[in-house]
Amino acid sequence: MIAAIYARYSSDNQREESIDAQVRAINEYAQRNGYSIVKIYSDEARSATTDNRPQFLQMMKDSALGLFNAVIVHKLDRFSRDRYDSAFYKRQLKKNGVKLISVLENLDDSPESIILESVLEGMAEYYSANLAREVMKGMKETALQCRHNGGTPPLGYDVLPDKSYSINESEARIVRTIFEMYASGHSYSEIIDTMNREGYKSKSGRSFGKNSLHDILRNEKYTGTYIFNRTVSKAGGKRNNHSSKSDIDIIRVENGMPAIISKELWNEVSKKMNGNKRARAANSAKENYLLSGLVFCGVCGGSFAGNRKFSGRNKNLYVTYECTTRKRKRTCCMKSIEKNFIENLVIDQLLTDIFAPDAIERIADRIAEYAKTRTSEISKNIREYENELAGIQTQISNTVNAIANGMFHPSMKQKMDELEARKSALVIRIEEAKRQAEINSPSRDFIRSYLEQDSDIKNKSPEDQKRIIQTYVVKIIVYNDRIDTYTIVDFDGGGEGSRTPVRNHILKNFYGCSL
Ligand SMILES: [Zn+2]
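Residues numbered from 1 in each chain as written. Predicted model: local features only at pLDDT ≥ 70, side-chain atom pairs only at ≥ 80, totals over all residues. Heavy atoms only, no water.

1. Details of the coordination of the zinc ion
Working step 1: Taken together, Cys297 (SG), Cys300 (SG), Cys323 (SG) and Cys332 (SG) make up the full set of protein donors to the zinc ion, lying 2.3 to 2.4 Å away.
Working step 2: Bound by four donor atoms, the zinc ion shows angles of 97 to 117 degrees at the metal and therefore tetrahedral coordination geometry.
Working step 3: The sequence pattern describing where the donors of the zinc ion fall on their chain is C-x2-C-x22-C-x8-C. With Cys300 in the loop between strand 9 (295-297) and strand 10 (304-311) and Cys332 in the loop between helix 10 (324-329) and strand 12 (337-338), this pair connects stretches of sequence that are 32 residues apart.
Working step 4: What makes Cys300 partly exposed here is its relative accessible area of 33%.
Working step 5: On the accessibility criterion, Cys332 (4% relative accessible area) is buried. (Donors = N, O, S within 2.8 Å, 3.2 Å for Na, K, Ca; no water. Tetrahedral: all angles 85-135°; square planar, octahedral: opposite > 155°, others 65-115°. Helix = DSSP H or I, 4+ residues; strand = E, 2+ residues; numbered from the N terminus. Buried < 20%, exposed > 50% of the residue type's maximum accessible area, 1.4 Å probe, protein only.)

2. Structural notes on the packing of helix 12 (residues 357-404) against helix 14 (residues 444-453)
Working step 1: Contact pair helix 12 / helix 14: the axes reach a minimum separation of 9 Å and the direction vectors enclose 135 degrees. Between helix 12 and helix 14, the angle falls in the class oblique. Judged by the twist between their axes, the crossing of helix 12 over helix 14 is right-handed. Every residue of helix 14 that contacts helix 12 at Ile360, Glu361, Ile363, Ala364, Asp365, Ile367 and Ala368 is listed here: Arg444, Ile447, Arg448, Leu451 and Glu452.
Working step 2: Residue classes in the contact of helix 12 with helix 14 are distributed as seven nonpolar, no polar and five charged. (Axes fitted to C-alpha atoms, helices over the stretch in contact; angles between N-to-C directions. Parallel < 35°, antiparallel > 145°, perpendicular 65-115°, else oblique. Left-handed = near helix turned anticlockwise from the far one by under 90°. Contact = heavy atoms within 4.5 Å. Nonpolar A, V, L, I, M, F, W, Y, C, P; charged D, E, K, R; others polar.)

3. With respect to the pattern of salt bridges
Opposite charge on two side chains lets them pair, provided their charged atoms get close.
Working step 1: Enumeration over the complete set of coordinates arrives at 23 salt bridges.
Working step 2: For Glu322, the salt bridge identified is with Lys327, shortest N-O distance 3.9 Å.
Working step 3: Note that Asp365 and Arg444 form a salt bridge whose closest N and O atoms lie 2.4 Å from each other. Remark: Arg444 occurs in helix 14 and Asp365 occurs in helix 12; sequence separation between them is 79 residues.
Working step 4: By relative accessible area, which is 40% here, Asp365 ends up partly exposed.
Working step 5: Each of Glu361, Asp365, Arg444, Asp445 and Arg448 takes part in one network of salt bridges that share partners. (Salt bridge = Lys/Arg side-chain N within 4 Å of Asp/Glu carboxyl O.)

Here it is as structure tokens:
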């Protein structure tokens, strides 16, 4: 098997292993299990909760090229600490035929492991949220003094040694030009042309783009109001999946820093921007397609995609999933299917298969049992490490004795260095494995309450519903007269052989089609 490595290190957390240590452990794992490594992707000092990980995104892109069949991480939380992101990207890897492997977590593809994985991710996410809260506390202190909180300061400002802001006059001129041009009705393209003509560059030394202009025009700091933790929505329609910050987390200090533009100019620009935003939103309201990537056409085998259109005499809005072959090539006759109808159908099935009280009990039993056998695997690894460590210890004492008895050869020095290095690596590995064994054996009660959390799926936010569906549903096939759904497991049904049972849903008023 050919594999790629993904490693990530964030400087927020001193307990983390360095990129080198992660790569070393993964290489060892790969050797033991017969994987050959083709590429190493690594991101440094970035949080797992953002998409702002260039190497990660590159890896996801490359996964479609067939360069590797597996991605190996040291721990699952290196991949992502957010369940939604994790489910999303894992699903994408799977679609590209790439398996995600964790050195420390030993996960396989059985239904038990898929649910356990989701439980473990839930634990990791909780841990990440806690850590973020701690980091936030320190940043808030800095913010209350109107000081710069790290990162690149906005264009137009310099940061003094005491972390307060001062105006950088030559940059401030650029900022004023941008605001004034926008206020007097110039488009982004016209502003960018002017910037390029004058040779103006952004803070990072690059030419201006629409995104950087948008961020500048939305930055209230330029009016002299110090603001901390205000999430600036990204231009270009990229939506932030994480819930937006509440007002409590926002610190605002009027006149907390030197102003570059007047309040009047700011208000004028904001009014214009909001007007444009409303106009755009009316044209492109977004639907959250809970089943995206899961629905397939029973006639042509193609995938279904979400679609939104106004039709009929009254121009009613229809939101559906439809066969992409039909839409693009017109060679399939499958009719589209109403979004709410099929989504409710799938949610109802999860409610019976996974979230019914008796199903939860049965699943919790099996997962707890499964977790126990997995932990025993980790214990086996620990014993192996400990044996190797004992062997190295003996070699070290033998060498020391030999030297004490007057036998010295220059090669002994190098040998000793190697032994010591291997020894400290093993000690770290053993500690880590012990911690893993502890963390990775959630109790039956924990698993049950974890599943119960999602059992009111009907009342969850669309984002949560999507995350749950993407975790437990494998695929849905729409035929002329019925819909088949495959969930990861039917703990009601049969023995080990029936891991992906089909549930048929007979469609009454569904017109047939023939090619
Ligand atoms: Zn089709």
